[in-house]
Each structure stands twice: as structure tokens, then as C-alpha cells.
Amino acid sequence: GIRDIGVTGVQTCALPIYRARPVDGLAWVTGASSGIGRGTALELARRGFRVLATARSKEALDDLVREAASLKGRIIARSVDVTDAALQKQVIDEIESSEGPIVLAFLNAGIYWPMRAHPFDAASFKKIFDVNVGGVVNGLEVLLNRMAARGRGQIAINASVAGYIGLPRAAAYSSSKAALIVMAESLKIETDALGITLQVVNPGFVKTPLTDKNDHPMPFLMELDDASRVICDGFERGGFEITFPWQLSRILKFLRLLPYETYFSLDRKSTRL
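Please read all numbers here as calculations on a predicted model, not as lab measurements.

Caption draft 1: Here's a closer look at the sheet that holds strand β10 (residues 196-203). On the basis of which strands lie adjacent, the open sheet formed by seven strands has the order β7-β6-β5-β8-β9-β10-β11 and parallel pairing. Edge positions in the open sheet fall to β7 (74-79) and β11 (241-244), since each of these has one partner strand only. Strand-to-strand twist in this sheet, taken as the mean axis angle between neighbours without regard to direction, amounts to 15 degrees. Pairing between β10 and β11: four bridges, direction parallel. Along β11, the bridge assignment pairs Asn202 with Thr243. Across the sheet, helix α4 (residues 122-150) is in contact with β5 (26-30), β8 (102-107), β9 (153-158) and β10; its angle to β8 comes to roughly 160 degrees.

Written out as C-alpha cells, the structure is:
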């Protein structure tokens, strides 16, 4: 497709919408040791990508490499904490020198645990933001300058439908995901002008170790393999937002439009708080 981009009121030249292909270079997935990151790394490898999979757990990454051995593509694993910006940059420098450019990145690493208003734990709140937001920002710093110099690239940020609205017992998680959505919206026009496709992934409930922590109903819960296919289909299709399941996404977007009094009343009834 073709897009026209207006930046600060100035019309720029139309640029082709870039969608990464396996022949173009590497895919990079952060938080690839479990959950959505692991599932997406495997799905990308099935589709022929060479995938740089990073996470903290070397053992889990070694298992991932073994699982991908028979796939069309392959997985290259490196143990990296997304909050360690210097180490992450060093690893990306080494990989791009030996394997070629990263053309597709899924900045996925994130953490979650339920939080309550009392007792309020500031340290836990900050830790969630350090990983969920700070980790993505560290990845963007590594990627944006490189992709801008090449004139192409594709970056997807894993946020959540929890970022649409403040969900009960998820003050840190919901606000961290809302920050990612707004950050991506803010960057979108400029990344378009640089030839970089920026996307935000907003999943609902997916059966992973993170959702296993929940003790409440999870409507429209999806299996990991199904979610991974939807995400990779979204990479191929393009468009700013990849969200699923559509039923939950639409419900939460509708709730966002309600007056606060109505929303809080429904919240109290659903959570019995």
C-alpha cells in the first residue's frame, strides 16, 4: 500500500508500507523464554525467519532453540535482560555484525502481578514500569536509529487491552500498557516518515504463565498457538493495531467511552469491591 504522511502540517512524499520478509534479515523477539514471546518466536521461525530470541533465562532459551530445530527458519538465542540497555546494545551489535540487519522486532518482554490499593507497594509498581515500559524504550533506542539509517524496518510493541482502561487490581500493569499504547501513537507519524512500520499489539487473555496468576474469570481466553498466529498474521498484514480477541477488545473500548460514574458502578458489581 501507499501512505501520505503529513508532519507538522507539511505534506511529505508517499512511502511504501514496509512489511518484513525472511529474505530481508532477522526478526528479534524479547521476552522469548515463555508465553507470547516464545510462541511468536516459534511461529516466526515456522514462517522462515531467522529469529534472535532474547530473555533472561538461558535454560528456557536453550529449550526454545531445540524445539525450533526442525522448523523452516531458525532461532538464535542470547540471554539478555531488557532493563540492561548497555548489554542489549552490545548483543545487537554482535548479532547484526554476524547475521545481518534486524528488520522486524517484537518488543514483547513484560511482567505482571496483581496489585491492590492497600497495602500499596511502590517498589513492585516501579519494577513493572522498569520492565514493561523501560525495556521497550531500551529496545527502541537500539532499533530506531539503525532502521532510520536503512530507510526501512518494522517494530511491534506488545501492550495489552488492559491499557485501554484502568482495570481493578492492575494499577501498575494497566498504566504501563496504556503508556506503551500512547507512546506508539505519538511516534507513529514520525516513524512512518522514516520508512519504519510501527505497530502495537493489544492481546486479551492468552493462556500463559502470566495469566496463570489470575484468580478471576478471563473471558474469551485464547490458546497460545492461536494468539501467536494472529500476531504474525498482523505483522504480515500491516496496520497500526493488532488486537484480539475482537469481542473483548470491543467491550473494553466501549467501556472507555462510558461516563466514569457508570464505569465505576459496573466495576464494583463485577469485582464485588
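Caption draft 2: View of the side chain of Ser176. Tracing the backbone through its elements, the reader meets Ser176 in helix α5 (residues 171-193). The buried category is assigned to Ser176, whose relative accessible area is 0%. Setting aside residues no more than four positions away along its own chain, Ser176 makes contact with Ile128, Phe129, Asn132 and Val133.

Caption draft 3: Representation of the pattern of salt bridges within the structure. Tallying each qualifying case throughout the model produces 17 salt bridges. Across the salt bridge formed by Arg74 and Glu99, the nearest N and O atoms sit 2.8 Å from each other. In this pair, Arg74 is assigned in strand β7 and Glu99 in helix α3 (residues 85-99), connecting sequence segments 25 residues apart. Asp93 is paired through a salt bridge with Lys89; the nearest N and O atoms lie 3.1 Å apart. Highlighted residues: Asp93 and Lys89, both in helix α3, separated by four residues, approximately one helical turn. Each of Glu43, Arg46, Arg47, Asp233 and Glu236 takes part in salt bridges that share partners, so that together they form one network.

Caption draft 4: Here's a closer look at the packing of α4 against α5. Interaxial distance between α4 and α5 falls to 8 Å at its minimum, and their mutual angle equals 20 degrees. On the basis of the axis angle, α4 is roughly parallel to α5. Every pair of crossing elements has a handedness; the one defined by α4 and α5 is right-handed. Taken together, the residues of α5 that come into contact with α4 (itself represented by Phe125, Ile128, Phe129, Asn132, Val133, Val136, Val137, Leu140 and Leu144) are Ala171, Ala172, Tyr173, Ser175, Ser176, Lys177, Ala179, Leu180, Met183, Leu187 and Thr191.

Caption draft 5: Main features of the packing of aromatic side chains. Overall, the coordinates contain six aromatic pairs when judged by the stated rule. Note on Tyr263 and Phe264: the rings are 5.6 Å apart at their centroids and 50 degrees apart in plane angle, and the pair reads as tilted. Exposure remark for Tyr263: the relative accessible area of 5% places this residue in the buried category. Through pairs of rings, three or more aromatic residues link up here, namely Phe120, Phe125 and Phe129.

Caption draft 6: Geometry of the nonpolar core. Ranked by internal contacts, the top residues of the largest apolar core, which has 37 residues, are Trp28, Ile102, Leu107, Leu140, Leu143, Ile155 and Ile157. Elements with a minimum of two residues in this core: β5, α3, β8, α4, β9, α5, β10 and α7 (246-257). Take this core: its biggest share by element is seven residues, from α4. Apart from residues lying up to four places away in sequence, Leu107 is in contact with Trp28, Thr30, Val136, Gly139, Leu140, Leu143, Ile155, Ala156, Ile157 and Asn158. Leu44, Val51, Ala55 and Val206 belong to the second largest nonpolar core, which has 31 residues in total.

Cut-offs used in this document
Residues numbered from 1 in each chain as written. Predicted model: local features only at pLDDT ≥ 70, side-chain atom pairs only at ≥ 80, totals over all residues. Heavy atoms only, no water. Pairing = 2+ DSSP bridges. Helix = DSSP H or I, 4+ residues; strand = E, 2+ residues; numbered from the N terminus. Axes fitted to C-alpha atoms, helices over the stretch in contact; angles between N-to-C directions. Contact = heavy atoms within 4.5 Å. Buried < 20%, exposed > 50% of the residue type's maximum accessible area, 1.4 Å probe, protein only. Salt bridge = Lys/Arg side-chain N within 4 Å of Asp/Glu carboxyl O. Parallel < 35°, antiparallel > 145°, perpendicular 65-115°, else oblique. Left-handed = near helix turned anticlockwise from the far one by under 90°. Phe/Tyr/Trp six-rings, centres within 6.5 Å; stacked < 30°, edge-to-face > 60°. Core = buried A, V, L, I, M, F, W, Y, C linked by side-chain atoms within 4.5 Å.

As far as function goes, none of this settles anything; it's purely spatial.
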